[in-house]
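Commentary on secondary and tertiary structure
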Amino acid sequence: DAGITQSPRHKVTETGTPVTLRCHQTENHRYMYWYRQDPGHGLRLIHYSYGVKDTDKGEVSDGYSVSRSKTEDFLLTLESATSSQTSVYFCATRRTGGFESSYEQYFGPGTRLTVT
Amino acid sequence: SQQGEEDPQALSIQEGENATMNCSYKTSINNLQWYRQNSGRGLVHLILIRSNEREKHSGRLRVTLDTSKKSSSLLITASRAADTASYFCATDGYDYKLSFGAGTTVTVRA
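Residues numbered from 1 in each chain as written. Chains lettered and ligands numbered in written order. Predicted model: local features only at pLDDT ≥ 70, side-chain atom pairs only at ≥ 80, totals over all residues. Heavy atoms only, no water.

Brief notes about the overall build of chain B
Basically, it comes down to this: Each helix corresponds to a stretch of at least 4 residues labelled H or I by DSSP, and each strand to a stretch of at least 2 residues labelled E; elements are numbered beginning at the N terminus. What makes two residues a contact is simply this: any of their non-hydrogen atoms within 4.5 Å. The accessible surface values rely on the Shrake-Rupley method and a 1.4 Å probe; as for residues, cover is taken only from the protein chains in view. Counted charges follow a simple rule, with Lys and Arg positive, Asp and Glu negative, and His plus the chain ends left uncounted. Charged groups are reduced to one reference atom each: NZ for lysine, CZ for arginine, CG for aspartic acid, CD for glutamic acid.
The helix and strand inventory of chain B stands at 0 helices and 11 strands. Starting at the N terminus, the α and β elements of chain B follow one another as β-β-β-β-β-β-β-β-β-β-β. Referenced to the eigenvectors of the C-alpha coordinate spread, the extents of chain B come out at roughly 40 × 25 × 20 Å. Counted over contacts in chain B with a minimum sequence separation of 6, partners at least 24 positions apart contribute 53%. Put simply, chain B shows about 5100 Å² of open surface, and 45% of that area lies on carbon and sulfur atoms. In chain B, 13 positive and 11 negative side-chain charges are present, and the distance between their average locations comes to 3 Å.

This is the structure we're talking about:
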């Protein structure tokens, strides 16, 4: 978890409200990712970023948007939260380079979100 | 959809025994990685094996890869209580993204 923080760590919100989760890294890694983790599904990619202001959709992007205005921050927004978005959300980063360790992803501690 | 699938879903072993878990995937890969997740924590990278490698070791970990069968295995030797965790395989398909399986939960009994 070193160098990657997520905030908040826990949040309870009501259906229909907007929610923003923040990922902050001090590693200067180019790539950043948002995943959700649900029982029986492992981790599923929501959105990812390959540079400042460069983002793309993952496999479960519906209902989510992201923004990256600085290298160190990657925001995930639920425009109108639904109960199906109750989950644990993980941010991850990856450095660039052609060496083997550049393929690894580094994960934050997670945010537990409950939508009631 | 998920690329990798782990087997078994759960595994309970005695301390000192070996733990083996398997991962199958569907499409061609650049490399395959294994991660560990302790309860309530983020994932931690364990080991990576490239598509042109067949076996790799790191401490008590041994990973194999069979690209013809699109499968990999992770062996943890001489398990310890601290190895209790969930283990995930993840495939890297040349697009800077990882696709994770659902994981194997390993419990090491003292």
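Let's talk about the layout of surface pockets
Convention followed: The rule is simple: put a 1 Å grid over the protein atoms alone, call a set of points where a 1.4 Å probe fits but cannot get out a cavity, call an open set with protein on both sides within 12 Å along at least five of seven lines a pocket, and count a residue as lining if it has an atom within 4 Å of a point. Grid points are joined across faces, edges and corners, and a volume is the space filled by probe spheres set on the points. Each residue gets one label: Ala, Val, Leu, Ile, Met, Phe, Trp, Tyr, Cys and Pro are nonpolar, Asp, Glu, Lys and Arg are charged, and the others, such as Gly, are polar.
Of the pockets and cavities examined, the largest pocket occupies roughly 620 Å³. Lining of the largest pocket is provided by 33 residues; of these, Q37(A), D38(A), P39(A), Q37(B) and F88(B) occupy positions nearest its centre. At the level of elements, β4 (31-38), β9 (87-94) and β11 (111-115) of chain A together with β9 (85-92) and β11 (104-109) of chain B are the ones that each hand at least two residues to the lining of the largest pocket. Grouping the constituent residues of the lining of the largest pocket by class yields 8 nonpolar, 20 polar and 5 charged.

Thoughts on the sheet that holds strand β7 (residues 61-66) of chain B
Residue and element names in this part refer to chain B. Inclusion rule: In short, DSSP must find at least two bridges between two strands for them to pair. Axis definition: a line fitted to C-alpha atoms, limited for helices to the stretch in contact. Angles are taken between N-to-C directions and run from 0 to 180 degrees.
Across the sheet, which stays open at both edges, the 5 strands sit in the order β1-β3-β8-β7-β6 with antiparallel pairing between neighbours. With one partner strand each, in any of the chains shown, β1 (5-7) and β6 (55-58) form the two edges of the open sheet. When the angles between neighbouring strand axes are averaged without regard to direction, this sheet yields 20 degrees. Pairing geometry for β6 and β7, over 4 bridges, is antiparallel.

Structural notes on the pairing of strand β3 (residues 19-25) of chain A
All names here are of chain A. Note the threshold: Buried, partly exposed and exposed residues are distinguished by accessible area as a fraction of the type maximum, computed with a 1.4 Å probe on protein chains only: under 20%, between the cut-offs, and over 50%, respectively.
Going residue by residue along β3, you find V19, L21, C23 and Q25 tucked away on one face and T20, R22 and H24 left uncovered on the opposite face. As paired elements, β3 and strand β8 (residues 73-78) share 6 bridges and run antiparallel to each other. Across the sheet, residue H24 finds its bridge partner in β8, namely D73.

Thoughts on the pattern of salt bridges
The test is simple: For this document, the term salt bridge refers to a Lys or Arg side-chain nitrogen within 4 Å of an Asp or Glu carboxyl oxygen.
Following the criterion strictly, the structure yields 7 salt bridges over all chains and no others. Note that D38(A) and R36(A) form a salt bridge whose closest N and O atoms lie 2.8 Å from each other. Here R62(B) and E55(B) are joined by a salt bridge, their closest N and O atoms 3.2 Å apart. Residue R62(B) is classed as partly exposed on the basis of its relative accessible area, which comes to 30%. Looking at E55(B), the relative accessible area reads 41%, which means it is partly exposed.

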